[in-house]
Amino acid sequence: MNHDVRTYKVNEIFYSLQGEGHHAGKAAVFVRFAKCNLHCSFCDTNFDEYTEMSAQQIIENVQQYAPCNFVVITGGEPTLQVTATLLQLFHVHGYYVSMETNGTHPIPKGVDWITCSPKKAFIEAGDVQIKQANEIKVVYDGIHPISTFGIEAEERYVQPCDVGDESRNKEILQKAIQFVKTHPQWKLSLQLHKLIGIQ
Ligand SMILES: C[S@@+](CC[C@H](N)C(=O)[O-])C[C@H]1O[C@@H](n2cnc3c(N)ncnc32)[C@H](O)[C@@H]1O
Ligand SMILES: Nc1nc2[nH]cc(C(=O)O)c2c(=O)[nH]1
Ligand code: SF4
Ligand SMILES: [Mg+2]
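Residues numbered from 1 in each chain as written. Chains lettered and ligands numbered in written order. Predicted model: local features only at pLDDT ≥ 70, side-chain atom pairs only at ≥ 80, totals over all residues. Heavy atoms only, no water.

Novice: Sorry if this is basic, but what is going on with the site of ligand 1 here?
Specialist: Lining the immediate environment of ligand 1, one finds 21 residues, of which Phe 42, Gly 76, Ser 117, Lys 119 and Asp 162 sit closest. Phe 42 places a polar main-chain atom, nitrogen or oxygen, 2.7 Å from a nitrogen atom of ligand 1. At 3.4 Å from an oxygen atom of ligand 1 is found a side-chain nitrogen or oxygen belonging to Lys 137. In isolation ligand 1 offers 540 Å² of accessible surface; the protein chains occlude 95% of this area. (Near = heavy atom within 4 Å. Polar contact = N/O pair within 3.5 Å; in protein donor to acceptor, adjacent residues only side chain to side chain. Areas by Shrake-Rupley, 256 points an atom, 1.4 Å probe, with all protein chains shown as cover.)

Novice: Looking at this model, I keep getting lost on helix 4 (residues 166–182). Mind explaining?
Specialist: The periodicity of an α-helix, 3.6 residues per turn, causes residues three or four positions apart to be oriented the same way. Between the first and last C-alpha of helix 4 there are 25 Å, a value that for 17 residues agrees with the 24 Å anticipated at 1.5 Å per step. Taken together, the buried positions of helix 4 are occupied by Ile 172, Ala 176, Phe 179 and Val 180. Down the axis, helix 4 shows its buried residues gathered within 95° of arc, on one side only. Opposite the buried face of helix 4, by more than 90 degrees, sit the exposed residues Glu 166, Lys 170 and Lys 181. In the core, the buried residues of helix 4 are packed alongside strand 7 (132–140), strand 8 (152–160) and strand 9 (186–188). (Helix = DSSP H or I, 4+ residues; strand = E, 2+ residues; numbered from the N terminus. Expected span 1.5 Å × (residues − 1). Buried < 20%, exposed > 50% of the residue type's maximum accessible area, 1.4 Å probe, protein only. Arc of directions from axis to C-beta. Contact = heavy atoms within 4.5 Å.)

Novice: Before we go on, may I ask you to explain the side chain of Gln 191 in this structure?
Specialist: Tracing the backbone through its elements, the reader meets Gln 191 in the loop between strand 9 and helix 5 (192–196). There is a polar contact of 3.1 Å between the side chain of Gln 191 and the side chain of Asp 44. If sequence neighbours within four positions are ignored, Gln 191 has contacts with Gly 19, Glu 20, Asp 44, Gln 159 and Asp 162.

Novice: Looking at this model, I keep getting lost on the site of ligand 3. Mind explaining?
Specialist: Every residue close to ligand 3 is listed here: Cys 36, Leu 38, Cys 40, Cys 43, Phe 47, Gly 76, Asn 102 and Lys 119. Of the pockets mapped on this structure, ligand 3 occupies the largest pocket. Of the residues that constitute the shell around ligand 3, the class distribution is five nonpolar, two polar and one charged. (1 Å grid on protein atoms, 1.4 Å probe; cavity = no way out; pocket = protein on both sides within 12 Å on 5 of 7 lines; lining within 4 Å. Sits in = over half its atoms within 2 Å of the grid points. Nonpolar A, V, L, I, M, F, W, Y, C, P; charged D, E, K, R; others polar.)

On their own, these measurements won't tell you what the molecule is for.
Quick look at the structure:
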């Protein structure tokens, strides 16, 4: 029995395919935590609503999607809430845990794959907390220069920003393709889930 008595503000738990970055195309159970410390103008996620859930309730909800053992912890900003205790519970039940984070807070012990998507506004304030990730995924608006913000990562992705306008998105995509062609150590990350119409 799990002895983590705290509750977590969970926005949604859903079963889909990872649409972005290194694990794109992989079946994944997403656990989206509410709240965020940033307010990116382009954010494509409404993370305000939530249900208070215990660690045990989270794991039982995730287990309904067995045999998938790949969990993507996201948000909002998950590092505001996720604890090593919760991550340990995932591991005890055989899960591989990937985390999507904006890099502004330390990553709790136990994340198997860290995807850091740094945000210019916050980094400029010099508040970035993490120095290393497995992959860095920079959202590109076609205007601001693309940078790793000093974060070390095995893999670098540029992800075209979805600005909600088809023709602008097409322009941004072309610029992202051009960037990858001139910076071949970067790869292109598309939001596959939006292209194929899944959550
Ligand atoms: C909703 S965020 C949640 C996790 C964390 N707060 C972060 O920003 O990495 C998940 C991913 O979606 C990306 N994202 C958010 N809005 C986007 C948009 N309009 N177009 C492309 N990527 C977007 C983020 O950069 C991040 O990589
Ligand atoms: N399919 C799918 N893949 C994703 N990869 C990162 C997501 C996120 O919102 O963190 C996400 C998402 O919202 N849906
Ligand atoms: S940090 Fe992530 S969740 Fe927060 S507003 Fe920016 S993109 Fe959205
Ligand atoms: Mg998303």
